[in-house]
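# What the coordinates show
One letter stands for each residue in the lines below.
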Amino acid sequence: MDSNLRREIILDNYQHPLHKGLVEEEGYQKIRTNNSSCIDDLMIMVKVEEGKIKDIRFDGEACAISTSATSIMIRNFIGKTYEEAKALLESYEAMIDEKPYDKELLGELNVYDEIYKQPNRKKCALLPFRAIHQILEDKSLFNK
Amino acid sequence: MNREDFPIFKQDLIYFDNGATTMKPQCVIDSMTDYYSNYTANAHRGDYDNSMKVDVLYEGVRGKVRKLIDAKDASEVVFTKGTTESLNLVVFGFMKNELKEGDEVLLTKSEHASNLLPWMELEKEIGIVIKYIPLTEDNEVTIPNVLSTITDRTKVISLAQVTNVIGDVRPMKEIGEICSQRGIYFVVDGAQSVPHRKVSVQEMNADFLAFSGHKMLGPTGVGVLWGKKELLERTKPLCYGGGMNTSFESTGDFELKEVPTKFDAGTPAIAEVIGLGRAIDYLEEIGLDKIESYEQELKNYLLARLKEVPKIQIYNEKTASSIVAFNIEGVFSQDTAVYLNHYHICVRAGNHCAKILKEQLGVKNTCRISLYLYNTKEEIDELIRVLKDAEHIFDIVL
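Attention in this report is confined to the structure presented alongside it. Only a predicted model underlies this, so the values are computations on that prediction, with no experimental measurement involved. (Residues numbered from 1 in each chain as written. Chains lettered and ligands numbered in written order. Predicted model: local features only at pLDDT ≥ 70, side-chain atom pairs only at ≥ 80, totals over all residues. Heavy atoms only, no water.)

### Details of the overall build of chain A
The helix and strand inventory of chain A stands at six helices and three strands. Helices and strands in chain A line up, N terminus first, as α-β-β-β-α-α-α-α-α. Its C-alpha atoms give chain A a radius of gyration of 14 Å, near enough to 15 Å, the size a compact globule of 144 residues would have. When its C-alpha atoms are laid out on the principal axes, chain A stretches across 40 × 30 × 25 Å. Of all 144 residues assigned to chain A, the portion counted as buried reaches 49%. As presented, chain A carries roughly 7200 Å² of accessible surface, and 45% of it is formed by carbon and sulfur atoms. The centroid of the 21 positive side-chain charges in chain A is displaced by 2 Å from the centroid of its 26 negative side-chain charges. (Helix = DSSP H or I, 4+ residues; strand = E, 2+ residues; numbered from the N terminus. Rg over C-alpha atoms; globule rule 2.2 N^0.38 Å. Buried < 20%, exposed > 50% of the residue type's maximum accessible area, 1.4 Å probe, protein only. Areas by Shrake-Rupley, 256 points an atom, 1.4 Å probe, with all protein chains shown as cover. Lys, Arg positive; Asp, Glu negative; His and termini not counted. Charge placed at Lys NZ, Arg CZ, Asp CG, Glu CD.)

Below is the structure:
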């Protein structure tokens, strides 16, 4: 990906993140994700309905990488089934870890394909995805 | 000043994180290498030359500390791992046996975790009550606020002399006087003050003072708890074993050595204590008054130059220490720190272990610059040059 375009997408998602602000509504799983090695601290809420991720929202303070990754994650995971979300998550984590991954599947998430060059920022790019991890741990959520 | 004494500055490095730890002059490093290369032995144990030499040097550092903090007697100096252990020793070795349910301990929201969490734990264990002295708009402690928080149940006031995020210097002498008039124990966290200014435990009327070696050019792993002799005599060690007892029997009876040796269970950090002693010599050769005034000059220069940078918010302009907390508008503090790192400038981003200060400041995370004697105006100029260029920050950090 062209580095200017990559930066533009990240910056746009950092400065105008999608779905920032929590809601007081039933049916959401709330997950707090923070990093012991840095100061990012995000609260993420996920709603699963009829076998799909229906909504994701977040709030908190975090760096440009974490915040933008949260925003892009939200855009790309809403509407996904258990299997789709699992495949997307695995591919994303493989990319961050410099392992083989499905580039086509990741789409916009490819903006972090060079984060390995800054090893101490890998955790920032992975942080919000812990919420997806946690949701996927309970498959029964998708069977309701 | 004295930059050439610090081997690390042969690197391209601008180090502004002295509140976290400090660089070591060659003489401190050499003093520890000398122990390991030429006279390694345990302390308090042997009748051979090297052991006796170690004993003299190790015990001699208590005298250096005594002089540094203007204590009455060298036997009031206890070596610990650092400020955190020192404060834990005060809370769990002394206060736990002295305080009762309902007794009040006064702290502030700008204290470091090491002066909050032990008290919070003691609150759970024995039911003491923690109260926070209200801070002014500039996040400072005032005497009227101290007085208005004191009640008949107040038994302890425990404060940093200089705080590590805001860098305000507390009116310790006056608070110490209030404490001694009312029979309140006065505990002082000196982690950010002892390295930077002259401190006198007698002038402050302190009962305990805690500080760390590594924040004052010394090694990691060693710190000091100073306490009034009669209080240390009533303090129970947190650690039991060899070196600290005079006798023990299979019946379970044992006797401890006198203060301060009763706190020296196991082999102490001998090389580190010797290194700390050399660091104290080094600081006193320069003079703490001189260090303080040099840091002031640097800080004023830093503040004046920071104001040239657009979109900089400074949170503690009025405070008297050499700590400056700031943010660039619209940039998360950690991104600023990562950006500065690109130019080999080290600053700290975060809440600086003062996690409840956010309730007071209204901002959770800041960038912190904490200066020390080896920093220069040229380094500040370079910082300002880089910060003025910060509109390109995301070209660097992303």
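### Some points on the sheet that holds strand 4 (residues 129-132) of chain B
Residue and element names in this part refer to chain B. Here seven strands make up an open sheet; going across it, the order is 2-8-7-6-5-3-4 and the pairing mixed. Both outer strands of the open sheet, strand 2 (77-80) and strand 4, are each paired with one neighbouring strand and no more. Sheet twist, expressed as the mean angle between neighbouring strand axes with direction ignored, is 20°. The sheet strands contacting helix 4 (residues 117-126) are strand 3 (104-107), strand 4 and strand 5 (154-160), and the helix crosses strand 4 at an angle near 140°. (Pairing = 2+ DSSP bridges. Axes fitted to C-alpha atoms, helices over the stretch in contact; angles between N-to-C directions. Contact = heavy atoms within 4.5 Å.)

### Structural notes on the packing of aromatic side chains
Residue and element names in this part refer to chain A. In this structure the tally under the stated criterion is 17 aromatic pairs over all chains. Note on Tyr 92 and Tyr 112: the rings are 6.4 Å apart at their centroids and 85° apart in plane angle, and the pair reads as edge-to-face. Residue Tyr 92 is found in helix 3 (residues 82-96), and its partner Tyr 112 is found in the loop between helix 4 (103-106) and helix 5 (122-126); the two are separated by 20 residues along the sequence. In terms of burial, Tyr 92 and Tyr 112 fall into one category: buried. (Phe/Tyr/Trp six-rings, centres within 6.5 Å; stacked < 30°, edge-to-face > 60°.)

### A closer look at the pairing of strand 5 of chain B
All names here are of chain B. The buried count for strand 5 comes to six of seven residues, which makes it a mostly enclosed element. The pairing of strand 3 with strand 5 spans three bridges and is classified as parallel. Residue Leu 106 lies in a different strand from strand 5, and its bridge partner there is Ile 157. Here strand 5 runs beside strand 6 (residues 185-189); their pairing, made up of five bridges, is parallel. Paired with Ser 158 across the strands is Val 187, a residue of strand 6. This β-α-β element, strand 5 to helix 6 (residues 172-182) to strand 6, shows right-handed connectivity. (Right-handed = clockwise from strand over helix to strand, strands pointing away.)

### So, the environment of Glu 317 of chain B
All names here are of chain B. Tracing the backbone shows Glu 317 in the loop between strand 11 (312-314) and strand 12 (323-328). Sequence separation of Glu 317 and Ile 166 is 151 residues, and the distance between their C-alpha atoms is 9.0 Å. If we ignore the near neighbours within four places in the chain, the residues touching Glu 317 are Lys 299, Leu 303 and Lys 307. A polar contact is formed between the side chain of Glu 317 and the side chain of Lys 307, at a distance of 2.7 Å. (Polar contact = N/O pair within 3.5 Å; in protein donor to acceptor, adjacent residues only side chain to side chain.)

### Structural notes on the sheet that holds strand 1 (residues 28-34) of chain A
All names here are of chain A. Read across the open sheet, the three strands follow the order 1-2-3; overall the sheet is antiparallel. For this open sheet the edge positions go to strand 1 and strand 3 (52-61), each flanked by a neighbour on one side alone. For this sheet the average axis-to-axis angle between neighbouring strands, irrespective of direction, equals 20°. Both strand 2 (residues 41-49) and strand 3 contribute to a ladder of nine bridges, which runs antiparallel. When the sheet's bridge partners are listed, Glu 49 is paired in strand 3 with Lys 52. Its contacts with the sheet put helix 2 (residues 64-77) on strand 2 and strand 3, and the angle it makes with strand 3 is roughly 165°. Against the sheet, helix 6 (residues 129-137) touches strand 1, strand 2 and strand 3, its axis set at about 135° to strand 1.

### Describing the side chain of Ser 200 of chain B
Residues and elements named next belong to chain B. Here Ser 200 lies in the loop between strand 6 and helix 7 (201-204). Here Asp 70 takes part through its side chain, which lies 2.6 Å from a polar atom of the side chain of Ser 200. When residues no more than four places from it in sequence are discounted, the contact partners of Ser 200 are Ile 69 and Asp 70.

### Remarks on a nonpolar patch on the surface
Residues and elements named next belong to chain B. Side chains of Tyr 240, Phe 248 and Phe 254 sit close together on the surface and give an oily, nonpolar patch of about 370 Å² of accessible area. Its place among the elements puts Tyr 240 in the loop between helix 8 (229-233) and strand 9 (245-248). The exposure class of Tyr 240 is partly exposed, given its relative accessible area of 42%. (Patch = residues over 30% accessible without salt bridge, like charges linked within 9 Å, V, L, I, M, F, W, Y side chains within 5 Å. Salt bridge = Lys/Arg side-chain N within 4 Å of Asp/Glu carboxyl O.)

### Details of unusual backbone geometry
Residue and element names in this part refer to chain B. A cis amide bond links Val 259 with the next residue in sequence, Pro 260, at an omega value of 5°. Locating Pro 260 in the fold gives a position in the loop between strand 10 (254-256) and helix 9 (270-286). Even without glycine at this site, Leu 217 takes up a positive phi of about 75°. Tracing the chain through its elements places Leu 217 in the loop between strand 7 (208-212) and strand 8 (223-227). We classify Leu 217 as buried; its relative accessible area is 0%.

### Quick word on the environment of His 44 of chain B
All names here are of chain B. As for its placement among the helices and strands, His 44 is situated in the loop between helix 1 (26-38) and helix 2 (49-68). Sequence spacing of His 44 and Leu 373 is 329 residues, and the spatial spacing of their C-alpha atoms is 36 Å. Not counting residues up to four positions away in its chain, the partners in contact with His 44 are Asp 55, Tyr 58, Glu 59, Thr 261 and Asp 264.

### Concerning the nonpolar core
Grouped together as the largest cluster of nonpolar side chains are 141 residues, with contacts concentrated most on Phe 77, Tyr 92 and Tyr 112 of chain A together with Ile 157, Leu 209 and Leu 373 of chain B. Counting residues per element, this core draws most heavily on helix 9 of chain B, at ten residues. Mapping this core onto the domain boundaries places at least three of its residues in each of domain 1 (3-16 + 287-389) and domain 2 (26-285) of chain B. Counting residues in each nonpolar core, the second largest holds 26 residues, with Val 91, Leu 99, Leu 116 and Val 156 of chain B among its members. (Core = buried A, V, L, I, M, F, W, Y, C linked by side-chain atoms within 4.5 Å. Domains from an automatic or database assignment.)

### Things to note about the packing of helix 1 (residues 3-15) of chain A against helix 2 of chain A
Residues and elements named next belong to chain A. Two numbers describe how helix 1 lies on helix 2: the axes approach to 8 Å, and their chain directions differ by 90°. Relative to helix 2, the element helix 1 is oriented roughly perpendicular. Counted together, Ile 9, Ile 10, Asn 13 and Tyr 14 of helix 1 and Ala 64, Thr 67, Ser 68, Ser 71, Ile 72 and Arg 75 of helix 2 form the full contact between these two elements. Tallied by class, residues from the contact of helix 1 with helix 2 come to five nonpolar, four polar and one charged. (Parallel < 35°, antiparallel > 145°, perpendicular 65-115°, else oblique. Nonpolar A, V, L, I, M, F, W, Y, C, P; charged D, E, K, R; others polar.)

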